[in-house]
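# Descriptive structure summary
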Amino acid sequence: MPIQSTLAGSLSMPSIPEIDTVVQYLSSLSPRIRLLLATGSLLALIIKYLRVKSAKRANGGRYYIEDLSKVGSTSELQDAWNSYDVIVVGGGTSGCALAARLSEDPNIRVLLLEAGGSGTALVQSRTPSMFGRLFITKHVHQLRTEPQVFARGKKNFWPRAKMLGGCSSINAQMAQYGAPGDFDEYFNKYETYIPHPDYPSVNTSARGTNGPIRVGYNNYVSKPSVAFIKSCISVGIPFTPDFNGPQGTMGVSRIMTYVDEKYRRVSSESAYLTPNVLARNNLTVATNATVTRVIFGNVKGEVRAVGVEFAREKNGQRYRAKAKRDVVLCAGAVHSPQILMLSGIGPSEHLRSNNVPIILDQPNVGQNLVDHPVVDLYFKDKHNASAKWMRPKTFGDGVKLISALTRYFILGWGGPLATNFGESAAFIRSDDPKLFPPSKYPQHLTDSTSAKDSPDLELFTTPFAYKEHGAIWFEDHTFALHCYLVSYLKNPEDMWKLVRGVRALLAIAHTQPLAGYLDHASTKDELDHQLHLKSDAEIAELVKDRVETVYHPTTTCRMGPREDGGVVDSKLKVYGIRGLRVCDASIFPKIISGHTAGGCYAIAEKLADDMKTEYRSN
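Procedures and definitions
Every chain begins its residue count from 1, and numbering advances along the sequence as written. Per-residue local features are limited, in this predicted model, to residues with pLDDT of at least 70; the limit for side-chain atom pairs, both in listing and counting, is 80 or more; totals at the level of whole chains, interfaces and linings are taken over all residues. Note that water and hydrogens are dropped before the side-chain values are worked out from all heavy atoms of the structure. A run of DSSP states H or I qualifies as a helix once it reaches four residues; a run of E qualifies as a strand once it reaches two. Both are numbered from the N-terminal end. Three labels apply to residues, based on accessible area from a 1.4 Å probe with only protein chains included: buried if under 20% of the type maximum, exposed if over 50%, partly exposed otherwise in between. Every residue pair with non-hydrogen atoms within 4.5 Å of one another is taken to be in contact. UniProt positions are given in the numbering used here, feature names are shortened, and annotations may be inferred rather than shown by experiment. As used in this structure description, the phrase polar contact means that two N or O atoms lie within 3.5 Å; if the pair is within protein, one of them must be able to donate a hydrogen and the other to accept it, and residues adjacent in sequence are counted only when both atoms belong to side chains. Here, expected helix span is obtained from the residue count minus one, scaled by 1.5 Å. What we call a nonpolar core is a set of buried Ala, Val, Leu, Ile, Met, Phe, Trp, Tyr and Cys residues that are connected through their side-chain atoms within 4.5 Å. Between any two strands, pairing holds if DSSP finds at least two bridges. Put simply, a disulfide is two cysteine sulfurs that come within 2.5 Å.

### Quick look at the overall build of the chain
The secondary structure content of the chain amounts to 14 helices and 21 strands. A buried classification covers 60% of the 618 residues belonging to the chain. Long-range contacts, defined here as pairs at least 24 residues apart, represent 72% of the contacts in the chain between residues at least 6 apart.

### Notes on the UniProt feature "active site" (unreviewed entry) in the chain
UniProt records the feature "active site" (unreviewed entry) for His552 and His595 in the present numbering. What stands out for the annotated residues spanning 44 residues is how close their C-alpha atoms remain, the widest pair being 7.4 Å apart. Turning to its location among the elements, His552 is positioned in the loop between strand S20 (548-549) and strand S21 (580-582). With a relative accessible area of 9%, His552 lands in the buried category. Dropping the residues within four chain positions of it, His552 is found in contact with Arg160, Val370, Asp371, His372, Tyr484, Ile591, Gly594, His595 and Thr596. Along the polypeptide, His595 turns up in the loop between S21 and helix H14 (597-617). Among the polar contacts made by the side chain of His595, one reaches the side chain of Glu458 at a distance of 3.0 Å.

### Observations concerning helix H6 (residues 223-235)
When the terminal C-alpha atoms of H6 are compared, their 19 Å separation across 13 residues agrees well with the 18 Å that a helix rising 1.5 Å per residue should span. Along H6, the residues that are buried comprise Pro224, Ser225, Ala227, Phe228, Ile229, Ser231 and Cys232. Those residues of H6 hidden inside the fold are in contact with strand S7 (251-254), strand S15 (424-428), strand S16 (457-462), strand S19 (478-485) and helix H12 (493-509). Of the residues flanking the end of H6, it is Gly236, one or two places downstream, whose phi is positive at about 115°.

### Side note on the UniProt feature "binding site: FAD" (unreviewed entry) in the chain
Within this structure's numbering, the places UniProt gives as "binding site: FAD" (unreviewed entry) are Thr93, Ser94 and Val291. Checked against the element boundaries, Thr93 lands in helix H4 (residues 93-102). Apart from the residues within four sequence positions on either side, Thr93 is in contact with Gly165, Gly166, Cys167, Ser168, Ser268, Ala597, Cys600 and Tyr601. If you trace the backbone, Ser94 turns up in helix H4. Those residues in contact with Ser94 that lie beyond four places of it in its chain are Cys583, Asp584, Cys600, Ile603 and Ala604.

### Brief notes about the nonpolar core
In terms of nonpolar packing, the biggest core is built from 86 residues, with Leu98, Tyr258, Phe310 and Leu580 touching the most fellow members. When residues in this core are grouped by element, the largest group, ten residues, is from H14. Of all hydrophobic cores here, the second largest spans 37 residues; its members include Val375, Leu457, Leu506 and Leu531.

### Quick word on the side chain of Asn218
Relative to the helices and strands, Asn218 resides in the loop between strand S6 (213-216) and H6. There is a polar contact of 3.1 Å between the side chain of Asn218 and the backbone oxygen of Val259. Excluding its chain neighbours within four sequence positions, the residues that come into contact with Asn218 are Ile194, Arg254, Thr257, Val259, Asp260, Glu261 and Tyr263.

### Regarding the sheet that holds S15
Ordered by their spatial adjacency, six strands build an open sheet running S7-S15-S16-S19-S14-S20, and the pairing between neighbours is antiparallel. For this open sheet the edge positions go to S7 and S20, each flanked by a neighbour on one side alone. Judged from the six bridges that link them, S16 and S19 form a sheet pairing that is antiparallel. Within the sheet, the bridge partner assigned to Phe460 lies in S19 and is His482.

### Things to note about the state of the cysteines
This model, assessed by the stated rule, comprises zero disulfides. The thiol sulfur of Cys96 is not disulfide-bonded, and the nearest other cysteine sulfur, from Cys330, lies at 9.3 Å.

This is the structure in structure tokens:
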């Protein structure tokens, strides 16, 4: 992982009113559509309503510290630095949870530093269906992968959130935690499951009831996504009432989401940094504060993290703050190893080549990166009922948009704007003889799963198709199916597992009732209705062309024995350095066979308990 210049956030805090976002969105439409919409009284009503609501939000909203001189010092003398017990670097999925839980103990002073601003202040983040509009903005790091040698040399888009809540503020809100075989469970503490009358078979005794993260079936689901579940059952994929229940992940179901009863996203910021938590005297949250390095000292003959340096702008004033007990990096699988290397901890040759003074030669920092590769399939919606009106081009689209805005923002009824896009899913194994009979699939593929009842493929739906991570929408009404490899190995067999996943999707697409929603008579080259007629070799070429990432990078600061490539131990302490820990997806020993946010919450909860116990005993 190359060291990059650090960038400071420039987001104003808080809050951005809903009206500003809606007006900005409507302004992006064609002049003809704006004129047509402006003639309707509903638009005026929405603007008036949101303006009043925004004023109330501004008066009652939460506030974070932007003036970095209030939390840090420009002096190089440590005695002059603001002092805290723990400094948490990065207010992402794990960081907000860790800071909130540590500050439950009034004897622990916590400073949380976030490079961006508030996620909950952005209506695109709060509204389940709008998160994709944040991808190409200042609120998201515009990263690209290295050229993928097995996928046409593409540099795939790799967004990392730059805001409180981190990627929990821009993800698809799919609350699936991985298979039980991936790790020991630590989920009930952070979760509150919201029962739904349509899903009585969920075993509520196995779900959390008092945690800050509210999960349930509050998102909007399109009819084809419901049909997908029935078609999966017809091809041999069993129904499961709960991907996160004691029976494990395998099967098909509607996806549970991080969407609350008011149809709003639940992020680590909204769940953990509540007004009551922010009112604690021992918790300080600073935004637009990019950490440039960890500062070390020699304490009793040992190298120890004694504080951090941070700035608002790339070449701006540097501030320093002291950590009496621990510095905890929660900056994610990309930026936590970057900060370690900027601080002098990493592969010595790489540090030397970038003129970084070496504190500790740790060749495993930034190594072992894994992610989930995904392949998308595109189909025409036979009934022309997709939500492509979200980017209106006709007057009819505009009417549908106004109706959806009214339903969501004014009436509070949810509706299509409450979709999380990833509406239904199925978890399967590429060696399942029911789905892939040996007579048709004789090739033996190496088992890369965490256990015999863990999946290696996820299949999921979105209510319309898109390209370039949502930047390009189809002219036709569409529906999309997706497959990604959830147990990742650097192995040529990965591609053949994805080929099998594509075959499974095609079988589902041509099975009733989903087949009745798709126009399989279409022969357009950009659509995949005829893909089932192609050979495996041809589908493999399609996989190479289309494979992307679903933004689940992990394992770059791997937890494990040092001699086996570990960067941190079981208490998430960085080997060879006192007072320095890492707590985010970078510490996963291997990637979760599902969605990574739940694991990030769990490790934060566990580490907070461990640290509070440790501090009380010392």
